[in-house]
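Tertiary structure, described
One-letter residues, chain by chain:
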There are 2 protein chains.
Amino acid sequence: MSRLGIALLPTNYTTTLPEGSAYDSLCLQITTEHWCERWRDMCIGSDSPKDSGSRAKTEATAERWRASQVYELGELNDTEHLAPENTILLVSPWLELDAPDAWVRHDTVVAFRQELAYASYLSMHTAIVPAPQANNRTQAAAFARALHSALLSFPGLHLAVRVPIYYYPTHDFHQPWQTWDLLRSMCEYHPRLSVALDLSPLPATLPSLIDAWNAEPVSHVVLPASLFISNAKGYPVLSKSTQGVVRNLIVHQPSVTFVLSGTDTNLHSKGGDKAYPQYIQHLHRTTAAKEGSMEYWARGYGDLLQAPLQPLMDNLQNTTYETFEQDPVKYAHYEEAIYRALMDRKERERLVLLVAGAGRGPLVKRALTALGRSKTLNAKVYVVEKNPNAWIGLQRTFKDEDRVQLLFGDMREAAIPEQVDIVISELLGSFGDNELSPECLDGVEKCLKPDGISIPCSYTAHITPLSSARLWQEARDRGGKGEEPYVVMFQSTRRLSPYVHECWEFAHPRLTPLGCDNGHNVRSAETVFNIPYGGILHGFAGYFEAVLYDTIGLSIHPERKDQVSKDMLSWFPMYIPIREPLYLPAGCELHTSIWRLTDGKKVWYEWCAEAFLDVGGSPVFSSVKSFGSSSTLGVPSSPALMTHPPPSPLIDAIEMKSPFDRNSQQFQHIGKLKIGQTGLHNPSGRSSWIGL
Amino acid sequence: MSRLGIALLPTNYTTTLPEGSAYDSLCLQITTEHWCERWRDMCIGSDSPKDSGSRAKTEATAERWRASQVYELGELNDTEHLAPENTILLVSPWLELDAPDAWVRHDTVVAFRQELAYASYLSMHTAIVPAPQANNRTQAAAFARALHSALLSFPGLHLAVRVPIYYYPTHDFHQPWQTWDLLRSMCEYHPRLSVALDLSPLPATLPSLIDAWNAEPVSHVVLPASLFISNAKGYPVLSKSTQGVVRNLIVHQPSVTFVLSGTDTNLHSKGGDKAYPQYIQHLHRTTAAKEGSMEYWARGYGDLLQAPLQPLMDNLQNTTYETFEQDPVKYAHYEEAIYRALMDRKERERLVLLVAGAGRGPLVKRALTALGRSKTLNAKVYVVEKNPNAWIGLQRTFKDEDRVQLLFGDMREAAIPEQVDIVISELLGSFGDNELSPECLDGVEKCLKPDGISIPCSYTAHITPLSSARLWQEARDRGGKGEEPYVVMFQSTRRLSPYVHECWEFAHPRLTPLGCDNGHNVRSAETVFNIPYGGILHGFAGYFEAVLYDTIGLSIHPERKDQVSKDMLSWFPMYIPIREPLYLPAGCELHTSIWRLTDGKKVWYEWCAEAFLDVGGSPVFSSVKSFGSSSTLGVPSSPALMTHPPPSPLIDAIEMKSPFDRNSQQFQHIGKLKIGQTGLHNPSGRSSWIGL
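A quick note: this is a predicted structure, and the numbers were derived from the prediction, not measured. (Residues numbered from 1 in each chain as written. Chains lettered and ligands numbered in written order. Predicted model: local features only at pLDDT ≥ 70, side-chain atom pairs only at ≥ 80, totals over all residues. Heavy atoms only, no water.)

With respect to the sheet that holds strand β12 (residues 379-385) of chain A
All names here are of chain A. What the 5 strands build is an open sheet, ordered β13-β12-β11-β14-β15; its pairing is parallel. A single partner strand is all that each edge strand has here, and the edge strands are β13 (404-408) and β15 (448-455). Across the sheet, the axes of successive neighbouring strands diverge by a mean angle of 20°, strand direction being ignored. Judged from the 4 bridges that link them, strand β11 (residues 351-356) and strand β14 (residues 420-425) form a sheet pairing that is parallel. Its bridge partner lying in β14, Leu-354 is registered against Val-423. (Pairing = 2+ DSSP bridges. Helix = DSSP H or I, 4+ residues; strand = E, 2+ residues; numbered from the N terminus. Axes fitted to C-alpha atoms, helices over the stretch in contact; angles between N-to-C directions.)

Section: the sheet that holds strand β10 (residues 255-261) of chain A
Residue and element names in this part refer to chain A. Spatially, the 8 strands close up into a barrel ordered β1-β2-β3-β4-β5-β6-β7-β10, and their pairing is parallel. Taking each pair of neighbouring strands and ignoring which way they run, the sheet shows an average axis angle of 25°. Looking at chain direction, strand β1 (residues 3-9) and strand β2 (residues 25-28) are connected through 2 bridges and run parallel. Within the sheet, the bridge partner assigned to Ala-7 lies in β2 and is Ser-25.

Some remarks on the side chain of Ser-219 of chain B
All names here are of chain B. Structurally, Ser-219 is set in strand β7 (residues 218-224). Overall, the relative accessible area of 13% leaves Ser-219 in the buried class. A distance of 2.6 Å separates the side chain of Ser-219 from the side chain of Ser-194, its partner in a polar contact. In this structure the side chain of Ser-219 is engaged in a polar contact, spanning 2.7 Å, whose partner is the side chain of His-220. (Buried < 20%, exposed > 50% of the residue type's maximum accessible area, 1.4 Å probe, protein only. Polar contact = N/O pair within 3.5 Å; in protein donor to acceptor, adjacent residues only side chain to side chain.)

Some points on the packing of helix α1 (residues 33-43) of chain B against helix α3 (residues 102-121) of chain B
When two helices pack together, their arrangement is given by the angle between their axes and by how far apart the axes lie. Residues and elements named next belong to chain B. Orientation of α1 relative to α3, taken along the N-to-C sense of each, is 150°, at an axis distance of 10 Å. In this structure, α1 meets α3 at a crossing whose hand is right-handed. Contact residues: α1 offers Trp-35, Trp-39 and Cys-43, while α3 offers Val-104, Asp-107, Thr-108, Ala-111 and Gln-114. Along the lines of polarity and charge, the residues of the contact of α1 with α3 split into 5 nonpolar, 2 polar and 1 charged. (Left-handed = near helix turned anticlockwise from the far one by under 90°. Contact = heavy atoms within 4.5 Å. Nonpolar A, V, L, I, M, F, W, Y, C, P; charged D, E, K, R; others polar.)

With respect to the UniProt feature "active site" (unreviewed entry) in chain A
All names here are of chain A. According to UniProt, the feature "active site" (unreviewed entry) maps to Glu-426 and Glu-435 in the numbering used here. Residue position: Glu-426 is located in the loop between β14 and α13 (437-444). Those residues in contact with Glu-426, other than ones at most four positions away along the chain, are Lys-330, Tyr-331, Tyr-334, Ala-356, Gly-357, Pro-362 and Leu-363. Only 2.5 Å separates the side chain of Glu-426 from the side chain of Lys-330, close enough to count as a polar contact. Within the secondary structure, Glu-435 is located in the loop between β14 and α13. A relative accessible area of 13% places Glu-435 in the buried class. (UniProt positions renumbered as here; feature names shortened; annotations may be inferred.)

Rendered as structure tokens:
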């Protein structure tokens, strides 16, 4: 859901917005045709053949201009009185930064910079740059160079490059994005560079490539009035497919300004020129996220990078507890899981529960409710918490509850007076084990009865390749190697594979003996993603899924969360950035490895990927091999959640190529990189996953 | 030409080298089969089924070992008395860092690190790591991870990974390099990581891919005695193709150690075990560079990165002049060019020469000789030099020569008493204009007669894509963005295209008026290279070619230098590094743009490239478009050098695809990057190309 802006691109030059209109900014070309004429005369040469004398004279004028660029009277509109904060510069549309002739290109860049310099002088913030030429890919790099050096030279200016949604007459949707990708890459993902998407009449069915724009920084959408059709009443509206694109942009862009042109040309019988901006406002309103949904709850959090919590290393704040306790689903599921576990131990005359890491006590309350519901008369609830600040509130909350016994300290060393039937914890992060639930519960299991139950009893980590120019750029600009995972509410993102692959699983209680070096908690996974449409890999989306007990679970897995724990708010997904973006052509395979590592003192992840493209020969079918450590380390697989489809690796299997086929030369390798790692480079501090 | 090392890999464990042998080091496995047995028992489980009790006991031992790795007596050879400086560790060959089973892999890494830790304890510098498995590409990333973390953990150890030159039984030469490329990339081109190339019997004709190893850091070559054949006399020798590979490695690797095994097994009737190292020494001797060749003259300069001279910004040193004056070819060509120019002006009764930037005076001497040869009786030679240190020597050298008049100062401002017939300068760099010859000569032309001659009268810059892991790593480790061009005598390098493309040309005197902003000296070029065999792009090789006068030229163009200026020593080629290595699959196209830029105060280059792969459809043939600025800026093309083949862009043209074909979707884009730029990021100082 984006902040909405609407700009007017007037047919005739004006510096004032129509009275009481819905526009909040004006889009203006400041140069006049006089300037255009002089420039063409100096830099291209007029069509009328000149005598050598006047030719030399013009050449001399041109050289003077190249040395110092000055406009003459009449070459600029009277712009001194513009209100810069709501004016957008429309760079002279006749400037071709990718002109095929090198000398014309050189002079175009000079004129381009002259115009930007003047806009800076007027304190304008935004300039819309004319589109690269459809048929001149060979000079796209020169275009990019000019952009990049302008971004460095004019720190006050944001540059939005016009890009048509497709090229005439071929309806080629691919090339415009391809060209933009080159510009964005060569400008090194500059934060002040964005897209002004030019909409044209769209076919009823759109190519899936249109989604590529969801992952790009689209700041403006140019909508000519001619694109609007008349509805039954004669008012201007947009076609279904255009509406779809517009709504998509509203959903995926944190802030987008619609630039309306030709609204004063009476193309539609009803509504007048006010009708167009009103219609856009209507679309924006009706695209709002549904109440109660994660999107609604998290308005304003879109693409905001947050460092994952490290509750074992840090003590959480009161407001953090407050926020998470508001989740309408999570604790209900916990209560149900506890209830079912209690019913399964009904025969015992006394039941001992342990809430490991109680925070302010929400799980304790649920445990007590569950005891009531299950009519468990004789029960004891031990509660362990290491956060001295939360400890106060805990004591106050349960001071009159004699079934509850509070124990202060780290659950890994806590001395529990007796063996426990059910241990209950909420130590899960967006990626499952990233808040070190496995290490914490290792310490608790010693006090669990042989047939004891852990809630959760298992959890899995999942990844899928992600494209998001904005997230990658933000992560990079956080400094370091830009390789720390972040918790993010995704907005300007695009999935590159329809599949989400499971990496590994942790189950509790463990059946195998604990290692003294935490080596039993290492994991590794290799997965293969088939990339149907291609795009730029900027990292991975990370999700978790947990089985609390029986068929009760928690999930933020995009395909399954609604079946498992609808409307749960507590976890945003994880963004796992990569060091350098990797171009994934359509039809390629992305081979990914990810590791959960430990040296006995800390825990961290490393990940990498390679892209392969089959360049000949028909693909060989076989099932994917997954060496996910969870099975080899002898951890039992969790009770299947009935509501779940089979895990995606199996779904995906049928289209996998065999590793041997991959090894063959026909299977052309097309790119590889050490994608990144967290912790190793900075073994202490937040970035590495706690000191154990 | 590399420093030679020969190591013995004895059949039976010994810590002493045979008396008086040619070996300078010993290659040893320090672990015994007892350790192998215990490790297998702990970490894989013996074949004999055990009762659960002893199984648990073993598991407990294993866990103790995982927590702290200790060898027991008999598990290590008696190695305390080894001389570490000439001992190479052979890591236990049974360790599979890419074992398919994740748990076995985990324990393999633990054992691997244990062995490296012991080698470090013995102060060994080098360890040879067992080869990755041929059929398990899926775990190559895990192998790489283990290597990288070992490199970080053992700063005293150099790791050489065994890589077979091909895999059995398929004779697949591609995959071993492919796997090594993954290891090298994921270890981020670590300077302590190299290849120990395992030679096997080779076919008579080798795939061109074998050259890929020329661009990789090959530190060891493993040669089993069984690889040797008997010559007529019964002495061990290598087959023609194996000799070829060995000589190639000697030429391209700065330092390589040959590891000989099985030399004590009497496989050959004559020569005994001394014969093998002696034969290797013979090969090394007979591969030495020919006297008088650049390679001979530049022994020890291989792959040594040198910052290009900036004579306009800095004053050169006496030794620098000394070195360059020794060139046997360059000044002879200058003299001949001056002579021919004088003969072409013979009819005039007086000739005025100007030596612009005389240094210690070599060109002045040649000019005087040429005046003599051409029997020019009435002549004046003005000499300009800005270097106050060289100035002294100049005065001394020519104090008795009244035809010579010395003028101190910058040639761009020097007041020459009269108009000049011939201006002679030596301002060329490895890339032609990179020492700012164009900017300097702009300043001189004002004193040139309308029909005046400049020697040189034109020069061109040329590039070709280059692969060299070593050069890229060295440039990166110089700090900065590793994007500064360097002057280098290439050694561990591999050309990725058979063609060298011309970028642009400068000609003197200019026919067009000078701009006041130096804009007339900007250049840009876009070229397309077809990449026949594929490899990693690490940057570009840069060359220049100059026309001095008539058909007399200077050239370091690899295909033409011998025709134009054989045995000239003054210029090494230029290495133009890139920011991130780019994988170029076989059959792809590399589209390159390079710019020579100026802001009126300084000059710099920028360059970038994209790789494209045709993924379907037959290639469309058409001629390449080259928008090199030189023509559009109206500089006349230089008199063709009769001895030259046509410039490579034309040669290459027949296999070019048209830009439109490139734009089509079938022409799959597979990678792109801003390759780099010099100057822009650091507008002052050496790295940018001088203050004008």
